[in-house]
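# Residue-level structural notes
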Amino acid sequence: MESLRQEEVGQLRAIFDAFDHDSDGLLDKDEVSAILVRFGLVLTEAEVLDVVTELNPMVRKLPFEDFVAVACRPMKEDDIQA
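The rules we used
Residues numbered from 1 in each chain as written. Predicted model: local features only at pLDDT ≥ 70, side-chain atom pairs only at ≥ 80, totals over all residues. Heavy atoms only, no water. Axes fitted to C-alpha atoms, helices over the stretch in contact; angles between N-to-C directions. Helix = DSSP H or I, 4+ residues; strand = E, 2+ residues; numbered from the N terminus. Parallel < 35°, antiparallel > 145°, perpendicular 65-115°, else oblique. Left-handed = near helix turned anticlockwise from the far one by under 90°. Contact = heavy atoms within 4.5 Å. Nonpolar A, V, L, I, M, F, W, Y, C, P; charged D, E, K, R; others polar. Phe/Tyr/Trp six-rings, centres within 6.5 Å; stacked < 30°, edge-to-face > 60°. Buried < 20%, exposed > 50% of the residue type's maximum accessible area, 1.4 Å probe, protein only. Lys NZ or Arg CZ within 6 Å of the ring centre and 35° of its normal.

## Re the packing of helix α1 (residues 6-19) against helix α4 (residues 64-71)
Axis separation between α1 and α4 bottoms out at 10 Å; the angle between their running directions is 115°. It follows that α1 is roughly perpendicular to α4 by the angle criterion. Where α1 crosses over α4, the handedness of that crossing is right-handed. Across from V9, L12, R13, I15 and F16 in α1, the residues of α4 making contact are F64, F67, V68 and A71. Split into classes, the residues belonging to the contact of α1 with α4 amount to eight nonpolar, no polar and one charged.

In structure tokens:
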């Protein structure tokens with residue numbers, strides 16, 4: 001998060017909070033899937049679970065810091081729905 005401007009972190013926090021429906025400070029795979037669909041990314045349920053568990057395989061939910069790391073990585077062209 002050090003490389004992000006305060007405004008960018010704030011925008012990511014707003015997105016995170018908007019989709020954290022149970023307000024537990026963690027995004028489950030369904031909440032992550034909803035974010036991805038909202039932004040035009042098409043992933044299977046297994047792929048979404050891979051995203052959620054990529055940085056910490058023992059946890060099936062994504063904390064804000066991990067969400068930022070995932071959100072800031074480069075996307076592959078075939079992930080974006082035309």
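## Points about the environment of A34
Here A34 shows up in helix α2 (residues 29-38). For A34 and F19, which are 15 residues apart along the polypeptide, the C-alpha to C-alpha distance reads 7.5 Å.

## What about the packing of aromatic side chains?
Scanning the entire structure with this criterion turns up three aromatic pairs. A centroid spacing of 5.5 Å and a plane angle of 85° characterise the contact between F16 and F64, whose relative ring orientation is edge-to-face. Taken together, the residues span a long stretch of sequence, with F16 in helix α1 and F64 in helix α4 at a distance of 48 residues. Taken together, a centroid distance of 6.4 Å and an interplanar angle of 35° make the contact between F64 and F67 tilted. Taken together, the positions of F64 and F67, both in helix α4 and three residues apart, correspond to about one turn of that helix. Judged by its relative accessible area of 8%, F67 falls in the buried class. Ring pairs connect the aromatic residues F16, F64 and F67, which therefore count as one cluster. The ring of F64 carries the charged tip of R13 above its face, separated from the ring centre by 3.8 Å.

Any functional reading would require information beyond the geometric quantities listed.
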